[in-house]
Amino acid sequence: MIRPDPDGSWAVLIAVGRYADLPDMPEAVASMELLADQLSGPDGGFDPSQVLRVVDPESAREVVDRVAAAAARATDTFLVHYAGHGVTSTAGHLHLALPGTLDERDHVPRTALPVGTLLAAVGQRAAHRIAVLDCCYAALALDEPAAADLHLLTAVDRARRALTNKDTGLTRFGEELLRLCREGVPDGPAFLPLDLVHHHLAVTLAQIPADAPRHYQAPVPQQRTVDASGHLALFRNPAHGTSCTEPGLRARAAFAYRQFAIRNRRQPWHRPQAVALLADVSADAARSLGPDHPLALQLANAHGHAVGLLHGAAAALALLEPVAARAAARLPPGSKELATINATLRSWSDQPPMSDQPPMSDQPPMSDRPR
């Protein structure tokens, strides 16, 4: 784990919410302000006086000058963050929109900030250099020569638009990053390394809302590490040490459900990883709460159901039948937990031995599954 030295670490966070020729994006400013508060707060790694906020800059030079001046003072860690519209030129290069940016590709190069120019302003002085881009087409920055030796974290891939949440007033990337910082990772280390942050964002941002259009594409955050930059931890983990408590077990299971639900043919590893996570959560619940505790039985049931979705009915029944027998002996008749476990067993008992079709839901069942 690598922690920033506050004396030698600086951050510049840029957000553009007001535009003349593009839709206004107040969510970018709100997300940036809250992230700056998080970085400079008690759980962040930066001194508040060394976290600079740039809102609605009028020119590319204003941004570059602020970034270059702060980068020249950073010896340990330097972070630059942009939230706003990402636009592309006729040549397909990413530019960061400013208040006066014109929404026409021919005019983008002279009215917006080339992302390569921003990244070049980071310089080479700081030992650890991080760029976070919360904008459309953000991963196009990976193609810039100036990004070659930076840790780069982007809200979306090269071809996708970033999203906002009108209900929360935040960008979707900012919303999930802030949620992670506030809720933490129960089975994570004392501080949240960037690799773990990216992994959690890749799962939580991949969820498809129930009311999404048929061709909805979830954001796919991208990350590129340099040397050991993935071990750099900018935030304290508020949930550290809670992995085997009831709230911690439920939070871990909820994350596994989210990973299980991802539908991305280019990322086939999510379901096997989710099943492995549920196996760990179930085992920890049995050890810490006792194998006959209602939550331990529910988690064992959820794991068995997920195994069935991955490997078929026979594999599911081999795990679910002992769980149902223990539940029948230990849980009161008529309890929600017992009803859920029995329903899961019945649904798999009716399936052909090699079936991998979900008999109930493609989510592991629990009577009180956390959202």
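The text that follows walks through the structure, step by step, so that each part is easy to find.

Calculation rules
Residues numbered from 1 in each chain as written. Predicted model: local features only at pLDDT ≥ 70, side-chain atom pairs only at ≥ 80, totals over all residues. Heavy atoms only, no water. Helix = DSSP H or I, 4+ residues; strand = E, 2+ residues; numbered from the N terminus. Rg over C-alpha atoms; globule rule 2.2 N^0.38 Å. Buried < 20%, exposed > 50% of the residue type's maximum accessible area, 1.4 Å probe, protein only. Contact = heavy atoms within 4.5 Å. Areas by Shrake-Rupley, 256 points an atom, 1.4 Å probe, with all protein chains shown as cover. Expected span 1.5 Å × (residues − 1). Bend = angle between axes of the 7 residues up to and from the residue. Pairing = 2+ DSSP bridges. Axes fitted to C-alpha atoms, helices over the stretch in contact; angles between N-to-C directions.

Focus: the overall build of the chain
- A count of helical and extended segments in the chain gives 11 helices and 13 strands.
- Taking 2.2 N^0.38 as the reference for a compact globule, 371 residues should give roughly 21 Å; the C-alpha atoms of the chain span a radius of gyration of 23 Å, in line with that estimate.
- For the chain, the spread of C-alpha atoms along the three principal axes comes to 70 × 45 × 35 Å.
- Out of the 371 residues in the chain, the part that is buried amounts to 53%.
- Long-range contacts, defined as pairs at least 24 residues apart, comprise 69% of the intrachain contacts of the chain with a sequence gap of at least 6.
- When the accessible area of the chain is evaluated, it comes to approximately 16,300 Å², of which 52% is carbon and sulfur surface.

Thoughts on helix α10 (residues 313–330)
- A rise of 1.5 Å per residue sets the reference length of α10, with its 18 residues, at 26 Å; its end C-alpha atoms lie 25 Å apart and thus fit the reference within 8%.
- The sharpest bend along α10 comes to roughly 30 degrees, located at Leu320, with the proline Pro322 sitting one to four residues further on.
- All of the buried residues in α10 are Ala313, Ala316, Leu317, Leu320, Val323, Ala324 and Ala327.
- Looking at the buried side of α10, the elements it contacts are α9 (294–311) and α11 (336–349).

Describing the sheet that holds strand β8 (residues 151–154)
- Here we have 6 strands laid out as an open sheet, ordered β2-β1-β3-β7-β8-β12, and mixed in their pairing. Looking at the sheet topology across the chains shown, the edges are occupied by β2 (51–55) and β12 (222–224). Ignoring which end each strand starts from, the neighbouring axes of this sheet average 10 degrees apart.
- As paired strands, β8 and β12 are joined by 3 bridges and run antiparallel to one another. Note that in β12 the partner of Leu152 across the bridge is Arg224.
- The sheet strands contacting helix α2 (residues 60–71) are β1 (9–15), β2 and β3 (77–83), and the helix crosses β1 at an angle near 165 degrees.
- Most of the contacts of helix α6 (residues 194–204) go to β12, to which it runs at about 160 degrees, and overall it touches β7 (128–134), β8 and β12.

Keep in mind that these numbers describe shape and distance, not what the molecule does.
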